[in-house]
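Examining the three-dimensional arrangement
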Amino acid sequence: MAPEVPNHQRMNSLLIAGFIALSFSLSTSVQAQGISGEIDTKTSRVYTFVGKTGFGHEHAVIGEIKAGTLNLGARSNAGKIVFDMTTWKADTAEARKYIGLNGMTSASTQKDVNANMLGSSVLDVRNYPTATFDIASAVPVKQNAPTGKSFYQLDGKFTLHGVTRNLRLVAEVTEKKHHNHLRTSFTIKQTHFGITPYSKAFGAVGITDELKIYGEIDLTK
């Protein structure tokens, strides 16, 4: 006759089994949150707010994405985004509206700003036509969000102007009918990427080193 198992040992066994089942359930729940797809380059856009120094002017910039894939929920090889730096345009009506800048900018001023921004002294798109975000992981994170939204923390390497630095950001994901929409923002400093912020008149007119970048990305289902 087998010896009777004490009650406390039986209880411990039940607790361990329950913990394993709960862990497995949570694990599969997290995996089920994974979202994969290609970036819709026709509708996805990137916006940048450029602050001013001295008597300079604030600017709003819009840019396009050349290509990209995302695997939200992945802990490795979570995707890549390629930004088409040649498409960056300053102070369009759409960009200024998105950033929240009042008024319009004349066509001649836009032309001058774009020539400087895309030229060799700033983005130098002739030598660096693209920027990339190589995403190592994109794991779900808990946030207080309305129903239908979820959040992912993206970690990876951001390369701009030939310089690569670590980048971490949080993306809000909303499920739409034909796609999943990602909204995110992050800040960078131009000097961290070998870019000297524009200034003239001994610094009396210029722009800030820090840039605020916003992403509105549609991910095909």
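Everything in this summary refers to the structure shown in the same document. (Residues numbered from 1 in each chain as written. Predicted model: local features only at pLDDT ≥ 70, side-chain atom pairs only at ≥ 80, totals over all residues. Heavy atoms only, no water.)

Comments concerning the overall build of the chain
- A count of helices and strands for the chain gives three helices and ten strands.
- Taken from the N to the C terminus, the helices and strands of the chain come in the order α-β-β-β-β-α-α-β-β-β-β-β-β.
- The proportion of buried residues among the 221 residues of the chain is 39%.
- Here the contacts in the chain between residues at least 6 apart in sequence split such that 64% fall between residues at least 24 apart.
- As displayed, the chain has an accessible area near 13200 Å², and 55% of this comes from carbon and sulfur atoms. (Helix = DSSP H or I, 4+ residues; strand = E, 2+ residues; numbered from the N terminus. Buried < 20%, exposed > 50% of the residue type's maximum accessible area, 1.4 Å probe, protein only. Contact = heavy atoms within 4.5 Å. Areas by Shrake-Rupley, 256 points an atom, 1.4 Å probe, with all protein chains shown as cover.)

With respect to the pairing of strand β2 (residues 45-54)
- Summarising the sheet, β2 and strand β3 (residues 59-72) pair through six bridges and their orientation is antiparallel. Bridged to V50 within β3 is H59.
- Here β2 hands over to β3 after four residues, the two strands then running antiparallel side by side. (Pairing = 2+ DSSP bridges.)

So, the pattern of salt bridges
- Going through the model one piece at a time under the given rule, you end up with six salt bridges.
- A salt bridge links E175 to K221; its shortest N-O distance comes to 3.2 Å. Placement of E175 in strand β7 (residues 163-175) and of K221 in the segment after β10 (205-220) is noted, with a sequence separation of 46 residues between them.
- Two residues, E216 and R183, come together in a salt bridge whose shortest N-O distance is 2.8 Å. Here the residue E216 occupies a position in strand β10, and R183 occupies one in strand β8 (residues 179-189), the gap between them amounting to 33 residues.
- Note on R183: relative accessible area 45%, which makes it partly exposed. (Salt bridge = Lys/Arg side-chain N within 4 Å of Asp/Glu carboxyl O.)

Remarks on the packing of aromatic side chains
- The tally for this structure, following the rule as stated, stands at five aromatic pairs.
- Note on F83 and F158: the rings are 6.1 Å apart at their centroids and 85 degrees apart in plane angle, and the pair reads as edge-to-face. Residue F83 is located in strand β4 (residues 79-90), and its partner F158 is located in strand β6 (residues 149-160); the two are separated by 75 residues in the primary sequence.
- A relative accessible area of 10% places F83 in the buried class.
- Judged by its relative accessible area of 6%, F158 falls in the buried class.
- Ring centres of F158 and F193 lie 5.6 Å apart, and the angle between their planes is 75 degrees; this geometry places the pair in the edge-to-face category. Of the two residues, F158 sits in strand β6 while F193 sits in the loop between β8 and β9 (199-200), which places them 35 residues apart along the sequence. (Phe/Tyr/Trp six-rings, centres within 6.5 Å; stacked < 30°, edge-to-face > 60°.)

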